[in-house]
Amino acid sequence: MAALALLPAAARADEPAAAALELFEQKIHPVLAGVCFRCHGDQQVAGDLRVTSREALVSGGESGPAIVPGKPEESLLIKALLRADDVSAMPPDKALRADQVADFVAWIKAGAPWAERRVEFTAANHWAYQPVQTPAPPSVREESWPRTGVDRFVLSKMEMAGQHPTAPADRRSLLRRVTYDLTGLPPTAAEVSAFELDTSPRAYEAVVERLLASPHYGEQWGRHWLDVVRYADTAGENSDHPLPHAWRYRNWVIGALNRDLPYNQFVREQIAGDLIGRQGPAEEYADRVVATGYLAIARRFGHDIEKDMHLTFEDTLDTLGKSVLGLSLGCCRCHDHKYDPLSTRDYYGLYGIFESSKFAYPGCEPNQRPRDLVSLVSPAESERLAKEAAEQVPQAETEIKRIVAAQVEQSARLKLAMTATGRLLSAGEIDDGATVDIAQGSQVPLEHVVVRRGEVVQLFITPRGNHGADSTQVEFEICEIGGGARRWSAADLLTDLLTGNPHADTYGNPATWSFLDARDGPVMLSESLAAIDGRAELRGWRQGDTPSLFVNTSQQAVKVWTSLAPRQFFMHPGPGGAVALAWSSPIDGAVSIRGRVTDVHPGGVDGVGWQVMHYAAAELAAGLAALGDLGQALSRAQRARDALVGRDQSMPVAYAVAEGTPHNARIQRRGEPKDLGDEVPRKFPDFLGGQRVESNQTSGRLELAGWLTDPANPLTARVMANRVWQGHFGRGLVKTPNDFGARGAPPTHPELLDYLASEFVRSGWSVKALHRLILLSATYQQAATGMADERYVGFARRRLAAEELRDTLLVASGELDRTPGESHPFPPEASWSFTQHGPFAAEYDTLKRSVYVMQKRNRRTRFFALFDGADPNASTPLRDVTTVPTQALYFLNDPQLHQRAEMFAARVIGAGAENALRVDFAYQQLFARSATPDEQVIAASFLADYAKTVSAPGAADTERLAWCALARVLFATNEFLHID
């Protein structure tokens, strides 16, 4: 522990107790709360160590006691802070300053006194629970520096500390900084050049306005909010079911921020948008319902989620408290809050509001199908449409009966003609799992069959006992003898099977192939299937229950109820008869017929049968075509009828919440839902007013929305003002943005925080106005610095966030799709069979912005996990920033990074014939500046040296590979990865 001698002088061991407690209050507890609680607090306990009390520190964790009062040299905490070799460094990402470590040494040497804070921090005296003040910006000595009121608060504190502002940022750095801050994307080289040349006094203000008006603003700041509300596209229970409609809420957040929806309304609609929507106007109803996705996306838990809804309500309350109020409400599920004036009764007063609401059901392992999704059609409009539909159903039923009668009549005519003219060409049966050539059952020579135009050759697959296991692979081919030597094969139907029934051939002849239910005369298979068992590569037609015809269009076998070979045609008979494939002859002449039949579902014991018939009636082709027309008309009529009858089911829906059965909750003793105590009226926490839900007819969400956004509420505006400040400076005025309570860090500039909050409310809760107030300040426009003194406020250099990095790479490669994303290609709900051992785990590649990438709760996307993306299982108010070897390996080895580099290299090579022009183009694109002479030399040397190591077939490939390598090097530079 010799390193202790190098620390600045600290308080002596005989320091008075009052001074030691003051040291704890002013220096120790803010660091514990702001830095250590995230890993060693009440919610997360790494190494089984808590730092939330003196007793916890003395007891220690897996490595032993963290502190030995009076003996800092024996305390593991001090060794960890000093980053000694034999302990894990704490904090793991960035060491504390030497003066902060000295404070901990002094505190432990003084006996590690701990002030009991539960009584001290109450609604009566805790700063965050006091009404928001409207302080006037203070006077300062250096009057020429401030540009907005923000600057006066900052400069006043700096002057008291004997500090001075830094120089303004250069224009290139400032433009890159503000462009990333507001849009998450880099500025173009042209934008940087234009700003550098624009000397007008309002040039920067014009840039801010342009960026605030960009649609990419909502995508960047929507991402910040989605972090806080732990947005995901899956439910989080043990099978992590997809949420196909959650994207609507994500896009609502982005849209609301883009149109600068007042923040109080932004919050109100997320709590009670469905109820607000009923008040009108009608065109805003759907949007407001979608907003309640804020509540609906609460995590689901366990195997059967309905049995653990108390945990979902806890997650809802925890997120509500952190995101809007900056309070840890979840602590009160089992007991009164230990440090803040929140009681268990407060918790269950809010709990009853959400228990009185109906949350959309996402599905889970025992019950796979979603339900209780909320219609985006208003109740009044829905009632009108239902009445209108009811009046139209009888007419639709009449039309269906008419078509069915015509279909029966046409089928009977065809059956008579087929019976009169039919000739058996081949027939037979195959055993379970066997393969047979249809020539083995031939009744006439199949090598030469005379046909006339309009006649029909028909292949039947017939059941043989156990029809449920009769999937049959069919190879069927008819070849013209002489003439044009044309060939008609079932394999020709693999690519465009769904274009119609009847189906044209490859020579342009219409209605050549027909797919028939042959159980009781010919009936066209009428239902097309774009995906079977959730597999888009399987397509087909069916009629009613089983008779079907389908194809595997992929290059791989597909395992469903059996294994279906790649690029093959299949038929499946019904329980009462055959399914048929009919060929209507477009020629007069002779044909040969060949094929094979394979039972591909062994285990059914019985196998299948086949027949090939020739119907020598020239009018049959036209008759089948007419039957096909009737089948299509019937399908249209049935869809129209079904749309009327099931109009509610066809309405657009959202993953949202609606009103349930209003009731008060009962206290769950020790958080156990089966051990119920007193009933608690639905209400707001007592220390914030204690307002109650007076009506027994509603959940109380509408009242809660009003209480949260009441200007008299001291927390809501402060919390959001702090988040916006943090979004621009990387750290909040309150370093614990989700916790403004007693265990949180106090504000570094309390008057400035209240100034921002009061200006926020005065502007009509405009988030964009808050941005302007901050961005136009001289404070924001200072050059980046590494100063960590909390009295200083300025822009600290930061690394690109995961989403910013991915989007920037796509910009560089020229691949970024800037159009908004919507839904994800989840498998059809009817095919869901996710389990704990086979959970949903897909990933969907996209070139759209990262905010639109599908996010799973239980298996995070590797890229976002690698670069410190938000954990969608919990509110993420502030992302960790790690530097680990795997991040460097990403730039060396990742296939996606290599693809971006290849695309960027192609752009660079296309920029000119000279390497100097190309290098300059690369620097302009990536850094918005020209390459320096030294950088030109280094690049030329790199390209030449790399080319010598490459084994490529030609000079062009060698050149391409060298530029790809240089692109990867430039992508990995600090200048590319960081913002000044």
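Above this text you will find the structure in question.
Everything numeric here is computed off the predicted structure, so don't read it as measured data.

## Details of the overall build of the protein chain
Point 1. For the protein chain, the count of helices and strands is 30 helices and 25 strands.
Point 2. Along the three orthogonal principal directions, the C-alpha set of the protein chain runs to about 115 × 80 × 60 Å.
Point 3. Taking all 980 residues of the protein chain together, the buried fraction comes to 53%.
Point 4. For the protein chain, the share of sequence-separated contacts (at least 6 apart) that also reach a separation of at least 24 residues comes to 68%.
Point 5. Accessible surface computed for the protein chain: about 41,000 Å², of which carbon and sulfur atoms make up 52%.
Point 6. Positive and negative charge centroids in the protein chain, built from 102 and 122 side chains respectively, lie 2 Å apart.

## Description of the nonpolar core
Point 1. Val178, Tyr249, Leu704, Leu756 and Phe971 are the most contacted members of the largest nonpolar core, which totals 150 residues.
Point 2. Those residues within four positions of leucine 704 in sequence are excluded, and the remaining contacts are Ile271, Leu320, Leu350, Ile353, Phe354 and Phe684.
Point 3. Ranked by size, the runner-up nonpolar core spans 36 residues in total, among them Phe476, Leu525, Val579 and Val597.

## Thoughts on the pairing of strand β17 (residues 579-584)
Point 1. When you tally the buried positions in β17, you get 6 out of 6 residues, the bulk of the element.
Point 2. Residue alternation in β17 divides its side chains into two sets, Val579, Leu581 and Trp583 and Ala580, Ala582 and Ser584, and both sets are buried.
Point 3. Here 6 bridges tie strand β6 (residues 456-463) to β17, and the two strands are oriented antiparallel to one another. When the bridges of β17 are listed, valine 457 appears paired with tryptophan 583.

## Looking at the environment of leucine 446
Point 1. As for its placement among the helices and strands, leucine 446 is situated in the loop between β4 (435-437) and β5 (449-451).
Point 2. Remark: the alpha-carbon pair of leucine 446 and aspartate 880, spanning 434 residues in sequence, is separated by 74 Å.
Point 3. Leave out the neighbours within four places in its chain, and leucine 446 touches Leu425, Ser426, Ile438, Ala439, Val591, Ser592 and Ile593.

## Notes on empty space enclosed by the protein
Point 1. Per the stated rule, a full pass over the model turns up 5 cavities of 30 Å³ or more.
Point 2. Looking at the largest cavity, its volume works out to about 210 Å³.
Point 3. Asp227, Tyr231, Glu803, Gln855 and Arg879 are the residues nearest the centre of the largest cavity, which is lined by 16 residues in total.
Point 4. It is helix α9 (residues 215-228) that contributes the most residues to the lining of the largest cavity, 3 residues altogether.
Point 5. Counted by class, the lining of the largest cavity contains 6 nonpolar, 3 polar and 7 charged residues.

## Details of the pattern of salt bridges
Point 1. Applying the stated criterion across every chain yields a total of 56 salt bridges.
Point 2. Arginine 849 is paired through a salt bridge with glutamate 219; the nearest N and O atoms lie 3.0 Å apart. Taken together, the residues arginine 849 in the loop between α23 (802-813) and α24 (862-866) and glutamate 219 in helix α9 connect sequence positions 630 residues apart. Both residues of the pair, arginine 849 and glutamate 219, belong to the buried class.
Point 3. Among the ionic pairs, arginine 806 bridges to aspartate 807, the shortest N-O distance being 3.6 Å.

## Things to note about the packing of helix α20 (residues 716-729) against helix α22 (residues 767-775)
Point 1. Where α20 contacts α22, the two axes come as close as 10 Å, and the packing angle between them is 50°. The angle between α20 and α22 places the two elements in the oblique class. Considering the relative orientation of α20 and α22, their crossing is right-handed. Contacts from Met720, Ala721, Val724, Trp725, His728 and Phe729 in α20 reach Val767, Leu770, His771, Ile774 and Leu775 in α22.

## Some details on the packing of helix α14 (residues 309-325) against α20
Point 1. Between α14 and α20, the shortest axis-to-axis distance is 7 Å and the interhelical angle comes to 75°. In terms of orientation, α14 lies roughly perpendicular with respect to α20. The residues of α20 that touch α14, namely those facing Lys322, Ser323, Val324 and Leu325, are Thr716, Val719 and Arg723.
Point 2. Across the contact of α14 with α20, the residue classes break down as 3 nonpolar, 2 polar and 2 charged.

## What about unusual backbone geometry?
Point 1. Between methionine 90 and the following residue, proline 91, the backbone shows a cis peptide bond with an omega angle of -15°.
Point 2. Cis rather than trans, the peptide bond between asparagine 501 and proline 502 has omega equal to 10°.
Point 3. Summarising the element assignment, proline 502 is placed in the loop between β8 (487-489) and β9 (513-517).
Point 4. Despite not being glycine, arginine 230 shows a phi value in the positive range, around 50°.
Point 5. Relative to the elements of secondary structure, arginine 230 occurs in the loop between α9 and α10 (247-258).

## Observations concerning the sheet that holds β9
Point 1. Within the open sheet, the 6 strands sit side by side as β3-β19-β6-β17-β9-β10. Their pairing is antiparallel. Strands with a single pairing partner mark the edges of an open sheet, and in this sheet they are β3 (422-430) and β10 (523-524).
Point 2. Sheet topology note: the β3/strand β19 (residues 608-615) ladder contains 8 bridges and is antiparallel. Along β19, the bridge assignment pairs arginine 423 with histidine 614.
Point 3. Set on the sheet, helix α16 (residues 379-421) makes contact with β3, β6, β10 and β19; between it and β3 the angle comes to about 90°.

## Section: the packing of aromatic side chains
Point 1. Evaluation of the coordinates by the stated rule reveals 47 aromatic pairs.
Point 2. On the numbers, 6.3 Å between centres and 90° between planes, the contact of phenylalanine 104 with tryptophan 107 is edge-to-face. Of this pair, phenylalanine 104 and tryptophan 107 both sit in helix α4 (residues 98-109), 3 residues apart, which is roughly one turn of the helix. Note on accessibility: phenylalanine 104 and tryptophan 107 belong to one class, buried.
Point 3. Connected via pairs of aromatic rings, a cluster forms that spans Trp225, Tyr231, Tyr249, Trp252, Tyr263, Phe266, Tyr294, Phe760 and Trp765.
Point 4. Above the face of the phenylalanine 195 ring, arginine 171 is positioned so that its terminal group lies 4.0 Å from the ring centre.
Point 5. Geometry around tyrosine 339 places arginine 743 over its ring, the cationic atom sitting 3.7 Å from the centre.

## Some points on the environment of glutamate 306
Point 1. By the element assignment, glutamate 306 lies in the loop between α13 (293-296) and α14.
Point 2. Non-local contacts of glutamate 306, meaning those with residues more than four positions away in its chain, are made with Tyr361 and Arg371.
Point 3. Reaching out from glutamate 306, the side chain makes a polar contact with the side chain of arginine 371 at a distance of 2.4 Å.

## Re α9
Point 1. Helix length check: α9, at 14 residues, gives a terminal C-alpha distance of 21 Å against a target of 20 Å (1.5 Å per residue), a fit within 8%.
Point 2. Turning to α9, its buried residues number three or more, namely His216, Tyr217, Gly218, Glu219, Gln220, Trp221, Gly222, Arg223, Trp225, Leu226, Asp227 and Val228.
Point 3. Immediately beyond the C-terminal end of α9, within one or two residues, lies arginine 230, with a positive phi of roughly 50°.

Analysis parameters
- Residues numbered from 1 in each chain as written.
- Predicted model: local features only at pLDDT ≥ 70, side-chain atom pairs only at ≥ 80, totals over all residues.
- Heavy atoms only, no water.
- Helix = DSSP H or I, 4+ residues; strand = E, 2+ residues; numbered from the N terminus.
- Buried < 20%, exposed > 50% of the residue type's maximum accessible area, 1.4 Å probe, protein only.
- Contact = heavy atoms within 4.5 Å.
- Areas by Shrake-Rupley, 256 points an atom, 1.4 Å probe, with all protein chains shown as cover.
- Lys, Arg positive; Asp, Glu negative; His and termini not counted.
- Charge placed at Lys NZ, Arg CZ, Asp CG, Glu CD.
- Core = buried A, V, L, I, M, F, W, Y, C linked by side-chain atoms within 4.5 Å.
- Pairing = 2+ DSSP bridges.
- 1 Å grid on protein atoms, 1.4 Å probe; cavity = no way out; pocket = protein on both sides within 12 Å on 5 of 7 lines; lining within 4 Å.
- Points joined across faces, edges and corners; volume = space filled by probe spheres on them.
- Nonpolar A, V, L, I, M, F, W, Y, C, P; charged D, E, K, R; others polar.
- Salt bridge = Lys/Arg side-chain N within 4 Å of Asp/Glu carboxyl O.
- Axes fitted to C-alpha atoms, helices over the stretch in contact; angles between N-to-C directions.
- Parallel < 35°, antiparallel > 145°, perpendicular 65-115°, else oblique.
- Left-handed = near helix turned anticlockwise from the far one by under 90°.
- Phe/Tyr/Trp six-rings, centres within 6.5 Å; stacked < 30°, edge-to-face > 60°.
- Lys NZ or Arg CZ within 6 Å of the ring centre and 35° of its normal.
- Polar contact = N/O pair within 3.5 Å; in protein donor to acceptor, adjacent residues only side chain to side chain.
- Expected span 1.5 Å × (residues − 1).

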